[in-house]
Amino acid sequence: MYLFPGIGLGTLLSGSRIISDGMLQAAAECLASYMTEEEVLQGMIYPPISKIRDITKEVAAAVVKEAVEEDLAEGYRDVDARELKKLSENKEELLNYVQINMWVPEYPTLVFKKD
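Residues numbered from 1 in each chain as written. Predicted model: local features only at pLDDT ≥ 70, side-chain atom pairs only at ≥ 80, totals over all residues. Heavy atoms only, no water.

The protein goes by Malic enzyme NAD-binding domain-containing protein in an unreviewed UniProt entry, where it is assigned to Rubroshorea leprosula. Turning to the protein, the UniProt annotation filed under Cofactor (unreviewed entry) states: "Mg(2+)". (UniProt positions renumbered as here; feature names shortened; annotations may be inferred.)

Right, here's the structure in full:
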């Protein structure tokens, strides 16, 4: 639940045709590092679910970065492999790239209107 959205998004945004062991490891290490010392001392195994979107963004960025490092990234839409390499060198830019490509669950309000 914590890893799969980020792995999928990172793979998509990198344009990688495969998910390598290194990409999976980068995702797992990213999730593990997301835990605060306080959360660990409280006995928590995973971060709070309320942080899932932030975790997804971080995991996806880690996956993209690893895909670039393994030369698996082919690019996504108008961002080619060279641009991804440049993005992966700056964490903030990479996180912004992931953020702007994340799906936002906004639904219109439906109102039943009686005639």
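### Some words on the side chain of S14
Looking at the secondary structure, you find S14 in helix α1 (residues 4-14). Given the relative accessible area of 0%, S14 is considered buried. Excluding its chain neighbours within four sequence positions, the residues that come into contact with S14 are V64, A67, A73, E74, G75 and L84. (Helix = DSSP H or I, 4+ residues; strand = E, 2+ residues; numbered from the N terminus. Buried < 20%, exposed > 50% of the residue type's maximum accessible area, 1.4 Å probe, protein only. Contact = heavy atoms within 4.5 Å.)

### Quick notes on the packing of aromatic side chains
Per the counting criterion, the structure on display carries two aromatic pairs. Considering the side-chain rings of Y2 and Y46, the 5.3 Å spacing of their centres and the 10° angle between planes classify their relative orientation as stacked. Residue Y2 is found in the segment before α1, and its partner Y46 is found in the loop between α3 (37-41) and α4 (52-69); the two are separated by 44 residues along the sequence. Looking at Y2, the relative accessible area reads 9%, which means it is buried. An angle of 70° between the planes, with centres 6.4 Å apart, marks the rings of W103 and Y107 as edge-to-face. Exposure class is identical for W103 and Y107. Each is exposed. (Phe/Tyr/Trp six-rings, centres within 6.5 Å; stacked < 30°, edge-to-face > 60°.)

### Let's talk about the UniProt feature "domain: Malic enzyme NAD-binding" (unreviewed entry) in the protein
Mapped onto this numbering, the UniProt entry gives "domain: Malic enzyme NAD-binding" (unreviewed entry) at residues 1-68. Strand forms 0% of residues 1-68 and helix 69%; the C-alpha atoms that close the span are 24 Å apart.

### Focus: the nonpolar core
Core analysis: the largest hydrophobic core is formed by 28 residues, its most contacted members being L13, V59, L84, Y97 and V98. With nine residues, α4 is the largest single contributor of residues to this core. Each residue touching V98, except ones within four places of it in the same chain, is listed here: L9, L13, K57, A60 and A61. (Core = buried A, V, L, I, M, F, W, Y, C linked by side-chain atoms within 4.5 Å.)

### Observations regarding the pattern of salt bridges
Within this structure, the stated rule accounts for five salt bridges. Among the salt bridges present, the one from K65 reaches E69, with a minimum N-O distance of 3.6 Å. Residue K65 and its partner E69 are both found in helix α4; the two are separated by four residues, about one turn of the helix. On the basis of relative accessibility, which here comes to 52%, the residue E69 falls in the exposed class. The shortest N-O distance in the salt bridge between R82 and D80 comes to 3.4 Å. Given a relative accessible area of 28%, D80 falls into the partly exposed group. (Salt bridge = Lys/Arg side-chain N within 4 Å of Asp/Glu carboxyl O.)

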